[in-house]
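Reading the structure
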Amino acid sequence: MLDRADPRADFEEVARHGTPPLARRGFLRPLVQFALMALVLAGAWFAMERLAASRVERTPRTFTPTVYTVDTTLAARADNRPEIRLYGQVGAGRNVDLRTVVSGDVVEIHSDLVAGRRVSEGTVLLRIDPFAYEGALVEARANLSAVQGAIAEIDARLASESEQLEAATAQLELASADLDRAMQLSQSGTLTGKEVDARRLILSQRQQAVSQSRNALLIAEAQRTQQEANAERLEWKIREAERKLADTALIAPFDGVISEETVETGRSVSANEVVASMYDDMALEVQFTLTNAQYGRMATDTDPLEGRQVELNWTVGGRAYVWPAIIDRIGARVTAERGGVEVFARIGPADNPVQLRPGAFVALSVPDRIWPDTFRLPETALRSSDHVFIVVDGELKRRDVRLIAWDGEDAIVEGDLADGDVVLATRLTEASEGVKVREPTVAAAEPAVAPEVPAAATDSGQ
């Protein structure tokens with residue numbers, strides 16, 4: 001090793017070799033590193049070639065397109081009518097407030113006059129003390145009897161006056177004839193003028209008697225007319241008293257259920273006071289709302305909206321019960337707060353163990369309008385609401401359709417479809433033109449193919 005502290009040694013070294021010793025050593029080191037790197041790379045390449053040469057040659061697999069097993073449905077053109085699911089509220093078609101027509105103390109109440117009890121038509125629900133009304137009836141009948149007696153008296157007087165008038169008329173005729181004879185005799189000188197005047201006086205008296213009888217008869221007839229008017233008034237008083245007496249009993253106007261009662265025995269009630277309410281449980285109806293669009297479709301359908309059969313479903317106690325109903329009438333106006341048209345359907349009888357009650361919220365199934373020459377497809381067959389795929393020779397083909405309406409999980413469509421088209425019903429993500437598919441029945445009929453074993457597995461022993 002050179003001694004760096006000796007400058008003369010370095011000078012001699014430079015004089016012999018022409019370069020300093022340190023510079024010559026820095027030049028040789030990179031050459032050595034490069035040579036070692038090249039040797040390592042060459043060895044790696046040689047080893048890789050040997051491994052590649054010893055690898056077993058594999059036969060490339062042929063490409064087989066994926067075939068999806070799907071469900072299909074047949075397209076059938078028909079007149080389809082979807083069902084609209086709505087909600088409504090049950091109400092009483094006939095509901096009445098029971099009012100007391102007369103006032104008084106309640107002396108009797110029927111045991112069934114309780115909310116929730118059913119009563120029959122004609123049942124006396126309560127009775128008001130009838131004493132005062134019985135007295136009014138007795139008084140009215142007595143007054144009528146008095147007037148009828150007065151009429152009988154007038155009738156007797158009329159008969160007497162009629163007889164007197166007939167007698168006076170006969171006497172008047174005789175006096176008139178006697179005066180005529182006296183005047184003839186007076187002309188011949190047989191009677192004097194005084195005797196003729198006497199006969200004239202008698203005739204005047206007979207005329208006065210006839211006039212008095214006739215006036216008496218007219219007065220009696222006028223009195224009878226007046227008494228007849230009094231009799232008619234008293235007859236009405238009797239009917240009024242009888243009606244008030246009958247109204248002391250509050251009677252059920254029809255078969256129904258008591259919905260409310262607010263009266264007790266001994267309580268004093270006034271006329272026209274509501275003491276109970278009842279409804280006809282055999283005349284229930286359901287009220288529901290159709291949107292403007294729904295009402296517009298149904299109103300223009302060939303099948304009238306009124307009279308259309310609907311189905312009512314009431315879920316109670318964890319179980320659903322069904323009643324039939326018929327649309328009876330349409331509301332008189334559009335209800336802005338409900339956003340549509342009110343419709344009322346009359347509920348029919350059903351053999352259910354529970355009794356439908358007013359106020360119940362129910363589900364309704366209402367037939368929509370009829371869509372002629374349309375197709376009913378499962379919801380899974382419709383894609384993007386504007387097309388479906390049909391299966392032709394095991395491949396998918398797109399067909400454009402137009403969605404018309406929903407009916408539960410089915411779609412009513414029209415478009416580029418024909419009767420008998422096999423429509424894809426499976427929600428297949430890879431569905432597109434040309435995708436291979438087969439139905440489950442076809443897949444089951446094909447022989448099972450054992451899965452290929454990877455080549456790496458066969459070479460595992462090497």
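The structure under discussion appears in the preceding block.
Now for a description of the structure that goes with this document. (Residues numbered from 1 in each chain as written. Predicted model: local features only at pLDDT ≥ 70, side-chain atom pairs only at ≥ 80, totals over all residues. Heavy atoms only, no water.)

Topic: the pairing of strand β21 (residues 410-415)
To be explicit about the condition: At least two bridges found by DSSP between two strands are what make those strands a pair. Put simply, DSSP H or I for four residues or longer makes a helix, DSSP E for two residues or longer makes a strand, and each gets a number counted from the N terminus.
Across 4 bridges, the pairing between strand β18 (residues 371-378) and β21 is antiparallel. Directly across from phenylalanine 375, in β21, lies its bridge partner valine 413. Examined bridge by bridge, strand β20 (residues 395-407) and β21 share 6 bridges and lie antiparallel to one another. Residue pairing across strands places valine 401 opposite glycine 415, the latter belonging to β21. Where β20 folds back onto β21 in an antiparallel hairpin, the turn is made up of 2 residues, including glycine 408, whose phi is positive at roughly 65 degrees.

Points about the pairing of strand β12 (residues 273-279)
Keep this limit in mind: Three labels apply to residues, based on accessible area from a 1.4 Å probe with only protein chains included: buried if under 20% of the type maximum, exposed if over 50%, partly exposed otherwise in between.
Where burial is concerned, most of β12 is hidden: 6 out of the 7 residues are buried. As defined by bridge partners, strand β5 (residues 95-100) adjoins β12 across 6 bridges and the pair is classed as antiparallel. Paired with valine 96 across the bridge in β12 is methionine 278. As paired elements, strand β10 (residues 256-261) and β12 share 4 bridges and run antiparallel to each other. What sits directly across from glutamate 260, in β12, is serine 277.

Topic: the sheet that holds β5
Strands sit in the order β5-β12-β10-β7 across an open sheet of 4 strands; the sheet is antiparallel. Two strands in the sheet have a free side with no partner beyond their single neighbour: β5 and β7 (118-119).

Side note on the pattern of salt bridges
How we decide: Salt bridge criterion: a side-chain nitrogen from Lys or Arg within 4 Å of a carboxyl oxygen from Asp or Glu.
Applying the stated criterion to the full structure yields 27 salt bridges. Across the pair aspartate 112 and arginine 117 runs a salt bridge whose closest N-O atoms are separated by 3.1 Å. By relative accessible area, aspartate 112 is classed as partly exposed at 23%. Of the charged contacts in the structure, one is a salt bridge between lysine 244 and glutamate 240, with a shortest N-O distance of 3.8 Å. Of this pair, lysine 244 and glutamate 240 both sit in helix α4 (residues 193-246), separated by 4 residues, roughly a single helical turn. What you see here is one network of salt bridges that share partners, running through Arg81, Asp301, Asp303 and Arg308.

Examining the packing of aromatic side chains
Stated formally: Two rings belonging to Phe, Tyr or Trp (six-membered ring only in the last case) form a pair when the distance between their centres is within 6.5 Å. Interplanar angles under 30 degrees mark stacking, angles over 60 mark edge-to-face geometry, and anything in between is tilted. Whether a charge sits over a ring depends on NZ of Lys or CZ of Arg being within 6 Å of the ring centre and within 35 degrees of the ring normal.
A full pass over the atoms with the stated rule returns 1 aromatic pair. When the centroid spacing of 6.3 Å and the interplanar angle of 45 degrees are considered together, the rings of tryptophan 314 and tryptophan 323 count as tilted. Its guanidinium or amino end placed over the ring of phenylalanine 254, arginine 94 lies 4.1 Å from that ring's centre, counting from NZ or CZ. Directly above the ring of phenylalanine 344 sits arginine 329, whose terminal nitrogen or CZ lies 4.2 Å from the centroid.

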